[in-house]
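The primary structure of each chain is shown beneath.
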Amino acid sequence: DAGITQSPRHKVTETGTPVTLRCHQTENHRYMYWYRQDPGHGLRLIHYSYGVKDTDKGEVSDGYSVSRSKTEDFLLTLESATSSQTSVYFCAISKDTEAFFGQGTRLTVV
Amino acid sequence: SQQGEEDPQALSIQEGENATMNCSYKTSINNLQWYRQNSGRGLVHLILIRSNEREKHSGRLRVTLDTSKKSSSLLITASRAADTASYFCATVPTGNTPLVFGKGTRLSVIA
């Protein structure tokens, strides 16, 4: 899996609680991405990073924040989880062209 | 909004048949990529075709790109049951913005 680890793999949380998902890479790739995957929507970009402390918003960034303090780690935070954020979250990395994906985190907000 | 749209949304074929999936996109691109996703797993890169290429092959995969029509097709020849998966096209718009994915085609290959 190209040296990408997502944690946790599964999480159930209550509405209104903060949640942080972690993506860790061992490839030293510059670019890191967070996508969410929902039935009928495919993959939608939440946030991405093109270097340490350099991040930008994607298509569905509302309600999410990210941080990248080290090349190898990209954190996705839901400040106050809502039921609409129930989804499968994928981290991806890339050097320049093709992307490599983690195994996903299934998040359920109840 | 999403860049790519795959067609059909779902495809069911017999083992040994060819499977063709299409992708249309909206803006100018640097390259177009196809990915595969097995149920419950992350996406895996299959093949990349650059904007100045018209056709590319990799094993049983054949990809075409028509930039004038903003469309691409993925052909899987001699399908196997193990090809059952969802297939996504993804584009890299000019300006090197991130990959933008379509909604995918679910392929079922029946043994």
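Placed above this text is the structure.
What counts, and where the lines are drawn
- Residues numbered from 1 in each chain as written.
- Chains lettered and ligands numbered in written order.
- Predicted model: local features only at pLDDT ≥ 70, side-chain atom pairs only at ≥ 80, totals over all residues.
- Heavy atoms only, no water.
- Helix = DSSP H or I, 4+ residues; strand = E, 2+ residues; numbered from the N terminus.
- Rg over C-alpha atoms; globule rule 2.2 N^0.38 Å.
- Buried < 20%, exposed > 50% of the residue type's maximum accessible area, 1.4 Å probe, protein only.
- Contact = heavy atoms within 4.5 Å.
- Areas by Shrake-Rupley, 256 points an atom, 1.4 Å probe, with all protein chains shown as cover.
- Lys, Arg positive; Asp, Glu negative; His and termini not counted.
- Charge placed at Lys NZ, Arg CZ, Asp CG, Glu CD.
- Phe/Tyr/Trp six-rings, centres within 6.5 Å; stacked < 30°, edge-to-face > 60°.
- Buried area = accessible area lost by both parts, 1.4 Å probe.
- Salt bridge = Lys/Arg side-chain N within 4 Å of Asp/Glu carboxyl O.
- Polar contact = N/O pair within 3.5 Å; in protein donor to acceptor, adjacent residues only side chain to side chain.
- Nonpolar A, V, L, I, M, F, W, Y, C, P; charged D, E, K, R; others polar.
- Pairing = 2+ DSSP bridges.

(A) Local environment of the overall build of chain B. Helix and strand counts for chain B come out as zero helices and 11 strands. From first element to last, N terminus to C terminus, chain B shows the α and β order β-β-β-β-β-β-β-β-β-β-β. In summary, chain B has a C-alpha radius of gyration of 13 Å against a globular reference of 13 Å for 111 residues, a match within 12%. For chain B, the spread of C-alpha atoms along the principal axes amounts to about 45 × 30 × 20 Å. A buried classification covers 46% of the 111 residues belonging to chain B. The long-range share in chain B, meaning contacts at least 24 apart out of those at least 6 apart in sequence, stands at 57%. Roughly 5200 Å² of accessible area belongs to chain B as shown, and the carbon and sulfur atoms make up 45% of that amount. One way to put it: in chain B the 13 positive side-chain charges average out to a point 5 Å from where the 9 negative ones average out.

(B) Looking closely at the packing of aromatic side chains. Taken as a whole and judged by the stated rule, the model has 10 aromatic pairs over all chains. Judged by centre distance (5.9 Å) and plane angle (80°), the ring pair of F101(A) and Y35(B) falls under edge-to-face. Pair noted here: F101(A) is in strand β10 (residues 99-101) and Y35(B) is in strand β4 (residues 29-37), and the two residues belong to different chains. An aromatic cluster of three or more residues is present, and its members are Y33(A), Y35(A), Y48(A), Y50(A), F90(A), F101(A), Y35(B) and F101(B).

(C) Inspection of the interface of chain A and chain B at higher detail. Taken together, the contact between chain A and chain B spans 18 residues of the former and 19 residues of the latter. Summed over both sides, the interface between chain A and chain B buries roughly 1500 Å², with carbon and sulfur atoms accounting for 54% of that surface. If you sort the residues of chain A by the area they bury against chain B, L43(A), T97(A) and F101(A) come out on top, with a joint share of 30%. Our count for the chain A to chain B interface comes out at zero salt bridges. Linking chain A to chain B there are four residue pairs in polar contact (both at pLDDT 80 or more). For the side of chain A that touches chain B, the secondary-structure elements that each account for two or more residues are β4 (31-38), β5 (42-51) and β10 of chain A. Element by element, the count of residues in the side of chain A that touches chain B is highest for β5(A), at five residues. For the side of chain A that touches chain B, a count of residues per class yields eight nonpolar, seven polar and three charged.

(D) Local environment of the pairing of strand β9 (residues 87-94) of chain A. Residue and element names in this part refer to chain A. When you tally the buried positions in β9, you get eight out of eight residues, the bulk of the element. Bridge count for β9 against strand β11 (residues 105-109) is three bridges, and the pairing is antiparallel. Opposite S87, over in β11, you have L107 as the bridge partner. Linking β9 back to β10 in an antiparallel pair, the connection comprises four residues.

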